[in-house]
Amino acid sequence: MRKIQMVDLQGQYESIKERVDSSISEVIKSAAFINGPEVHAFQKELEEYLDVKHVIPCANGTDALQIAMMGLGLKPGDEVITADFTFAATVEVIALLQLTPVLVDVEKDTFNIDPEAVRKAITPKTKAIVPVHLFGQSANMDAIMEIAAEHNLYVIEDNAQAIGGTYTSVDGTSMKTGAIGHVASTSFFPSKNLGCYGDGGAIFTNDDDLAHTIRGVVNHGMYQRYHHDVVGVNSRLDSIQATVLRAKLPLLDTYNKKRREAAEKYTKAFENIDTIIVPQIAKTCTSVCEKCTCHVFHQYTLRVLDTDRDALVKFLNENGIPCGVYYPIPLHRQKAYVDERYNEADFKVTNQLVKEVISLPMHTELDDEQINFITSKVIEFVNR
Ligand SMILES: Cc1ncc(COP(=O)(O)O)c(C=O)c1O
């Protein structure tokens, strides 16, 4: 059996080596390292793929979130609601901009922000909601967009983990995640579903004015060379990363299909195990899609009940199976983000999830032998 990896980037590279090597070499020969034709071509191709009017490439997914918030003109003291159960980048940029993060609980089934908790957290100072499409599945965007419209709030989708995923509304229309809110961010970190070979990110929007503002923000606040109209940042996707992304974008749907197929095999293997809760697909999707195309399984995350989760992690590692705990501590209990306004009773789901979740290896190169070995070891442990 091939060595099991959490993410197998070398294996994936083997299948695109020729294209990637030659295009990187072309970039080097052209010396157009920054803002070159490869970056512009990738931007256009991604706009087409997502069916979104504007893609603005930048240096990473954290910058993308920050720049989206700067572009919207959010001001210190404005409250921004986001999920308690996510990677810290989401809340970090809110705090960095001196906005007030308001963390709320998530749904047990999908791990995504709970619209009812969002509704309860709204105050006159609330300006934006940041749903995170966690582990590859869209948040409940019908509900989030409805709440935002009622209260005149911006919606900033954190699409770092769900690129290529779709969201199907209750009315049956489907849109790519990241094309639904007022603005969205994504990350091209190597292990992401569409990953480059370094850091990268992008902002998406259908709003022409916002896109114009953001194009200046990413470039030192310049709309005309050496005229700095707003305070900006320096955040660029370089041409080498763009050329890697151009090689991978046409394969993204195939990559996501492979992830879904691996997820289906995992789920099938665990179907009769009472102490394992497999990832749940949101209902709006299963009722409309013939075969769910919504979840793109950035992570395959189980909940293990009545099980010593940390001992399971150790057991799997001892058997050569890497796994992850995303995330072990809720954001509201992280030192940097503790706030006396928070009440533990408002975070029941997150507080439970951090004890139960475990993410199994998930990537495009998993084979049946590896999946069978992984599932047999998980079952062996939980049945002890
Ligand atoms: C949900 C989420 N948001 C934002 C980011 C930040 O992306 P980057 O690492 O490219 O800055 C990540 C990266 O892991 C993420 O998972």
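Residues numbered from 1 in each chain as written. Predicted model: local features only at pLDDT ≥ 70, side-chain atom pairs only at ≥ 80, totals over all residues. Heavy atoms only, no water.

A.B. asks: Please clarify how the packing of aromatic side chains should be interpreted in this entry.
C.D. replies: For the structure on display, the rule yields 14 aromatic pairs. Taken together, a centroid distance of 6.1 Å and an interplanar angle of 50 degrees make the contact between Phe-85 and Phe-111 tilted. Here Phe-85, found in the loop between strand S2 (79-83) and helix H4 (89-96), pairs with Phe-111, found in the loop between strand S3 (100-104) and helix H5 (115-121); they are 26 residues apart in sequence, far enough to count as distant. Note on Phe-85: relative accessible area 1%, which makes it buried. A ring pair is formed by Tyr-266 and Phe-270, whose centres lie 6.5 Å apart and whose planes are at 10 degrees; its orientation type is stacked. For Phe-270, a relative accessible area of 1% translates into the label buried. Taken together, the ring pairs connect Phe-85, Phe-87, Phe-111, Phe-135, Tyr-326 and Tyr-327 into an aromatic cluster. (Phe/Tyr/Trp six-rings, centres within 6.5 Å; stacked < 30°, edge-to-face > 60°. Helix = DSSP H or I, 4+ residues; strand = E, 2+ residues; numbered from the N terminus. Buried < 20%, exposed > 50% of the residue type's maximum accessible area, 1.4 Å probe, protein only.)

A.B. asks: Quick question: what am I supposed to make of helix H3 (residues 61-71) here?
C.D. replies: Counting buried residues in H3 gives 10 out of 11 residues, a clear majority hidden from the surface. Buried residues of H3: Gly-61, Asp-63, Ala-64, Leu-65, Gln-66, Ile-67, Ala-68, Met-69, Met-70 and Gly-71, and no others. For H3, the N-terminal cap is Asn-60; the gap from its side-chain oxygen to the backbone nitrogen of Thr-62 is 3.0 Å. Gly-73 sits one or two residues past H3 and shows a positive phi near 75 degrees. (Polar contact = N/O pair within 3.5 Å; in protein donor to acceptor, adjacent residues only side chain to side chain.)

A.B. asks: Would you explain the environment of Asn-256 in this entry?
C.D. replies: Relative to the elements of secondary structure, Asn-256 occurs in helix H9 (residues 252-269). Exposure remark for Asn-256: the relative accessible area of 1% places this residue in the buried category. In the structure, Asn-256 is positioned 107 residues away from His-363 in sequence and 8.9 Å away in space, judged by C-alpha atoms. Once residues lying within four places of it in the same chain are set aside, the contact partners of Asn-256 are Ile-163, Gly-164, Asn-193 and Val-296. (Contact = heavy atoms within 4.5 Å.)

A.B. asks: Just to check I follow, could you spell out the sheet that holds strand S14 (residues 357-360) for this structure?
C.D. replies: Strand-to-strand pairing in sheets goes through backbone hydrogen bonds, with the strands running parallel or antiparallel. Taking strand neighbours across the sheet as the criterion, the 3 strands line up as S12-S13-S14 in an open arrangement whose pairing is antiparallel. Pairing within the sheet leaves two strands with one partner each, and these edge strands are strand S12 (276-277) and S14. Two strands pair when backbone bridges link them, and strand S13 (residues 300-304) and S14 are joined in this way by 4 bridges, in the antiparallel orientation. Across the sheet, residue Arg-303 finds its bridge partner in S14, namely Val-357. On the sheet, helix H11 (residues 309-318) packs against S13 and S14 and is oriented at approximately 20 degrees with respect to S14. (Pairing = 2+ DSSP bridges. Axes fitted to C-alpha atoms, helices over the stretch in contact; angles between N-to-C directions.)

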